[in-house]
Amino acid sequence: NAGVTQTPKFQVLKTGQSMTLQCAQDMNHNSMYWYRQDPGMGLRLIYYSASEGTTDKGEVPNGYNVSRLNKREFSLRLESAAPSQTSVYFCASSEAVGVPYFGPGTRLLVL
Amino acid sequence: GDSVTQMEGPVTLSEEAFLTINCTYTATGYPSLFWYVQYPGEGLQLLLKATKADDKGSNKGFEATYRKETTSFHLEKGSVQVSDSAVYFCALSDRDYKLSFGAGTTVTVRA
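These numbers come from a predicted model, not from an experiment. Every chain begins its residue count from 1, and numbering advances along the sequence as written. Labels are handed out in written order, letters beginning with A for the chains and numbers beginning with 1 for the ligands. Local features in this predicted model are restricted to residues of pLDDT 70 or higher, and side-chain atom pairs are both shown and tallied only at a pLDDT of 80 or more, whereas totals for entire chains, interfaces and linings draw on every residue. Neither water nor hydrogens contribute to the side-chain values; these are computed over all heavy atoms in the structure.

**Student:** Would you explain the overall build of chain A in this entry?
**Tutor:** The secondary structure listing takes helices from DSSP runs of H or I that are at least 4 residues long and strands from runs of E that are at least 2 residues long, numbered from the N terminus. Along its length, chain A carries 0 helices and 11 strands. If you list the helices and strands of chain A from N to C, you get β-β-β-β-β-β-β-β-β-β-β. Here chain A has a C-alpha radius of gyration of 13 Å; the compact-globule value for 111 residues is 13 Å, and the two agree. Counting over 111 residues, chain A shows a buried share of 49%. Taking the contacts inside chain A whose residues are at least 6 apart along the sequence as the reference set, 53% of them involve residues at least 24 apart. The method behind every accessible area is Shrake-Rupley, applied with a 1.4 Å probe, and residues are considered shielded solely by the protein chains displayed. For chain A, the exposed surface amounts to about 5200 Å²; the carbon and sulfur share of it is 49%. For the purpose of charge, His is not counted, nor are the chain termini; Lys and Arg are scored as positive and Asp and Glu as negative. Taken as the charge location is NZ of Lys, CZ of Arg, CG of Asp or CD of Glu. Each charge class in chain A can be summarised by its mean position, and for the 10 positive and 8 negative side chains these summaries are 8 Å apart. Here the globule rule reads 2.2 Å times residues to the power 0.38, and the radius of gyration is calculated from C-alpha atoms. Throughout, exposure labels follow a simple rule: accessible area from a 1.4 Å probe, protein chains only, divided by the maximum for the residue type, with under 20% read as buried, over 50% as exposed, and the rest as partly exposed. Contact criterion: two residues are considered in contact whenever any of their non-hydrogen atoms come within 4.5 Å of each other.

Structure (structure tokens):
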């Protein structure tokens, strides 16, 4: 049972480049989330999806888009990367009313 | 909006010392409260949780009690080990289980 998986583990981008972070869960959870982690700021919610076919903005959505491809997969896209988006990105999933489980994270460096 | 304030680190302790990490929260309604732990280079793991006032969460020797009157959820462990060195995050969740995190407390335990 893999839980929550994320790809890639590490990525370097140049300013202005685009990329998609992938997330998949095999726990049949309805809800999925994208967080970013920055030093001294904890984790901040970027977007979430309460169920397949729905997405909503979190605390820091600017510069990002998401797609809930199906119940298992929830991707995060950076259309034009900026140095301020250098961070560690975590995907999480949970049942409708349950504890979120986190993936291992993606480290992104934007030069 | 909901928010979590936790004791800033870093905290450095000797093995077998007593650990306390303070956490207070602001929320409307009655949130669930969590402590997550992040070991170096890894994602977040749920350490313990409490879903209503006066509940005590416990795991791996760690404990925290949901105190509604003081809006607190302090983490304690009576005798730490080197393997407890990690970053600890206090978090609360709203009705949709969207987590709001504290900034994290880095704990280093020396042999």
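**Student:** Would you explain a nonpolar patch on the surface in this entry?
**Tutor:** Patch building starts from residues that exceed 30% relative accessible area and form no salt bridge, then joins like charges within 9 Å and nonpolar side chains (Val, Leu, Ile, Met, Phe, Trp, Tyr) within 5 Å. A carboxyl oxygen of Asp or Glu within 4 Å of a side-chain nitrogen of Lys or Arg is what we treat as a salt bridge. A contiguous nonpolar patch, built from Phe10(A), Val12(A), Leu109(A) and Leu111(A) and spanning about 370 Å² of accessible area, is present on the exposed surface. Here Phe10(A) lies in strand β2 (residues 10-13).

**Student:** Before we go on, may I ask you to explain the nonpolar core in this structure?
**Tutor:** For soluble globular proteins, the rule of thumb is that nonpolar side chains tend to be buried together. Residues and elements named next belong to chain B. Among buried residues, those of type Ala, Val, Leu, Ile, Met, Phe, Trp, Tyr and Cys that are joined through side-chain atoms within 4.5 Å constitute a nonpolar core. Counting 26 residues, the largest nonpolar core has Trp35, Phe73 and Tyr88 as its most contacted members. Broken down by secondary-structure element, the contributors of at least two residues to this core are β2 (11-14), β3 (19-21), β4 (23-26), β5 (32-38), β6 (44-50), β8 (62-65), β10 (86-93) and β12 (105-110). With 4 residues, β10 is the single largest residue contributor to this core. Here tyrosine 88 is in contact with Gln6, Ile21, Trp35, Tyr36, Val37, Leu47, Phe62, Leu75, Gly104, Thr105 and Val107, once residues within four sequence places are set aside.

**Student:** Would you mind showing me how to read the side chain of Ser72(B) here?
**Tutor:** Topologically, Ser72(B) is positioned in the loop between β8 and β9 (75-77). Counted as a polar contact is a pair of N or O atoms within 3.5 Å, where, for protein atoms, one must be capable of donating a hydrogen and the other of accepting one, and residues adjacent in sequence contribute only when both atoms are in side chains. In terms of polar contacts, Ser72(B) uses its side chain to reach the side chain of Thr70(B), at 2.7 Å.

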